[in-house]
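A structural walkthrough
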Amino acid sequence: MNTPFPIDTQPRSELDRLAEADDPRRSFLRAQWFASGRDPATANLVARGNDGKAIAAFPICKKKLGPIAIKQVAGAYWPFRGAPLDSKSTAAELAAALNDKAFAKQLGNVWRMGPVVDDDPSLDVLKAAALDAGWRVLSRPIGQLFVLDLVALTASGNWPSTKGQQKDRWRVRQLEKTGPVTISHFTGEDWTDETRDAIAAIESNSWVGQLEQGGDTKFHDPALRSFWEGIGQDPAIAAIIRGSLLHVGDIPAAFTFGLDCGDTRYAIANNFDQQFQKFSPGRVLLYDDFTSAAKRGLARIDWGLGDGGYKRQMGAEEASGVSDLLFVRGALPAALLRRVWER
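So, here's what we can say about the structure. (Residues numbered from 1 in each chain as written. Predicted model: local features only at pLDDT ≥ 70, side-chain atom pairs only at ≥ 80, totals over all residues. Heavy atoms only, no water.)

Comments concerning the packing of helix α7 (residues 162–175) against helix α11 (residues 281–295)
To be explicit about the condition: Axis definition: a line fitted to C-alpha atoms, limited for helices to the stretch in contact. Angles are taken between N-to-C directions and run from 0 to 180 degrees. A run of H or I in DSSP becomes a helix once it reaches four residues, and a run of E becomes a strand once it reaches two; helices and strands are each numbered from the N terminus. Should an angle lie under 35 degrees it is considered roughly parallel, over 145 roughly antiparallel, and from 65 to 115 roughly perpendicular; all remaining angles are considered oblique. Definitions for this section: a left-handed crossing has its near helix turned counterclockwise from the far helix by less than a right angle. A right-handed crossing has that turn clockwise. Between two residues, a contact is recorded if the distance between any of their heavy atoms is within 4.5 Å. Only Asp, Glu, Lys and Arg are considered charged in this grouping, and only Ala, Val, Leu, Ile, Met, Phe, Trp, Tyr, Cys and Pro are considered nonpolar; every other residue, Gly among them, is considered polar.
The geometry of α7 relative to α11 is characterised by a closest axis approach of 10 Å and an angle of 130° between their N-to-C directions. For the element pair α7 / α11, the angle class is oblique. Crossing of α7 over α11 shows left-handed handedness. Facing α7, whose interface residues are Asp168, Arg171, Val172 and Leu175, α11 presents Pro281, Arg283, Val284 and Tyr287. Tallied by class, residues from the contact of α7 with α11 come to 5 nonpolar, no polar and 3 charged.

Some words on the pattern of salt bridges
Stated formally: What makes a salt bridge here is a side-chain nitrogen of Lys or Arg within 4 Å of a carboxyl oxygen of Asp or Glu, nothing more.
A complete count under the given rule lists 25 salt bridges for this structure. Lysine 63 is the partner of aspartate 39 in a salt bridge, and the nearest nitrogen-oxygen pair spans 3.2 Å. Separated by 24 residues along the polypeptide, aspartate 39 in the loop between α2 (31–35) and β1 (43–48) and lysine 63 in strand β2 (residues 54–65) bring together distant segments of the chain. Three or more residues are tied together by salt bridges with common partners; here these are Asp193, Arg196, Asp197, Arg225 and Glu229.

Notes on the side chain of threonine 256
To keep things clear, this is the line we draw: Here a polar contact means two N or O atoms within 3.5 Å. Within protein one must be a hydrogen donor candidate and the other an acceptor candidate, and residues neighboring in sequence count only if both atoms are side-chain atoms.
Within the secondary structure, threonine 256 is located in strand β8 (residues 251–261). Only 2.6 Å separates the side chain of threonine 256 from the side chain of serine 244, close enough to count as a polar contact. Side-chain polar atoms of threonine 256 contact the side chain of aspartate 289, separated by 2.6 Å. If we skip the residues at most four places from it in the chain, threonine 256 touches Phe186, Gly243, Ser244, Arg265, Ala269, Asn270, Leu285, Leu286 and Asp289.

A short note on the packing of aromatic side chains
The description of an aromatic ring pair rests on the distance of the ring centres and on the angle between the ring planes. We apply this condition: Aromatic rings from Phe, Tyr and Trp, taking only the six-membered ring of Trp, are treated as a pair when their centres fall within 6.5 Å; an angle between ring planes under 30 degrees marks them as stacked, one over 60 as edge-to-face, and anything in between as tilted. The buried label goes to any residue with under 20% of its type's maximum accessible area, the exposed label to any with over 50%, and the partly exposed label to all in between, with areas taken from a 1.4 Å probe on protein chains only.
As enumerated under the stated definition, the model contains 21 aromatic pairs in all. With centroids separated by 6.2 Å and ring planes inclined at 70°, the aromatic side chains of phenylalanine 80 and tyrosine 266 adopt a geometry described as edge-to-face. Taken together, the positions of phenylalanine 80 in the loop between β3 (68–73) and α3 (91–98) and tyrosine 266 in strand β9 (residues 264–272) put the pair 186 residues apart, joining distant regions of the chain. What makes phenylalanine 80 buried here is its relative accessible area of 5%.

Looking at the layout of surface pockets
The condition that has to hold: A cavity here means a set of 1 Å grid points, computed over protein atoms only, where a 1.4 Å probe fits but cannot escape. A pocket is an open set with protein on both sides within 12 Å along at least 5 of 7 lines, and lining residues have an atom within 4 Å of a point. Grid points are joined across faces, edges and corners, and a volume is the space filled by probe spheres set on the points.
The volume enclosed by the largest pocket comes to roughly 830 Å³. Surrounding the largest pocket, 33 residues form its lining, Trp207, Asn270, Asn271, Tyr310 and Lys311 being those nearest its centre. The set of elements that each furnish at least two residues to the lining of the largest pocket consists of β9, α11 and α12 (309–313). Considering each element in turn, the lining of the largest pocket owes the most residues, 7 residues, to β9. Taken together, the residues of the lining of the largest pocket break down into 17 nonpolar, 9 polar and 7 charged. Approximately 390 Å³ is the volume attributed to the second largest pocket. Lining of the second largest pocket is provided by 20 residues; of these, Arg38, Ala76, Tyr77, Arg81 and Leu224 occupy positions nearest its centre. Within the residue set of the lining of the second largest pocket, elements represented by two or more residues are β2 and α9 (222–231).

A word on the nonpolar core
Rule in force here: We call a set of buried Ala, Val, Leu, Ile, Met, Phe, Trp, Tyr and Cys residues a nonpolar core when their side-chain atoms join them within 4.5 Å.
Membership of the largest hydrophobic core comes to 70 residues, with the highest contact counts inside it found for Trp33, Phe58, Leu94 and Phe257. It is β2 that contributes the most residues to this core, 7 residues altogether. Core analysis: the next-biggest nonpolar cluster, separate from the first, contains 15 residues, Phe146, Leu150, Trp159 and Tyr287 among them.

The values reported here are purely geometric and, on their own, carry no functional implication.
So this is what it looks like as structure tokens:
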């Protein structure tokens, strides 16, 4: 397991309070989120208002950008990176905090945050504050999110479609020729080593796990598994971890995994064992996951980047862009770096 970043407990509790005061969709941005993973934060810079109250936090680590090392906001790649921000704070308040010479020196002349979701309201506040405090913001597009609008899809009265439901029932009947089909659900409060082992087995036998470099597997990869297990030690994050498993007999055949934050479910990972590919257990389980989310009152599924083919078939549409940001102090350095960063 990764050890927490080497700072005292007060900034950690402040960071948790900021996550609780942030937009509910960013509630996962707690101290443990930044303390776990391959690049845990090594410092936690807290921006304060005139009254001394924390208004934003920048958990940072150092990364290489070509030949130079720069600071960047730490955290897992998905759902996205971000600096916890009190949603009541204004750009002017944050700019005043960032203008503090000691704080600006700690943050550095060049720092990075990404990927970020372009229409995140907190990002507008941060960018405006950074500009006012002397940083230029360079943006490199990464792609487009795929999102399911659960409210609209459910209101249409034809999602999942009758034909789609019939097809799924047929798929289940075919799978049942191998063994009984069961679906189970879990949260970060009740999952077990057996749960995570089952997900890892599915990933190992999936098309992703068969890639030469091992692919992006969340639990088959020991380091990434350590991250998800680590953040689950925070009860507040454990409560929003939610996923499901589909078994065929005793064989784990498909899984879903994500976070429920505010009115949004982040669909972080889903896959299936290739031996069952013909009857699409992954699609069966995804419809179960999404309809369950709708019944829990969630408004949308944020499905991230990637292949839009099957996502569109299931009702997803392209939504906000996703970008990688570089904050550069000074007009000349920004002009020089812009040619490399934004091309």
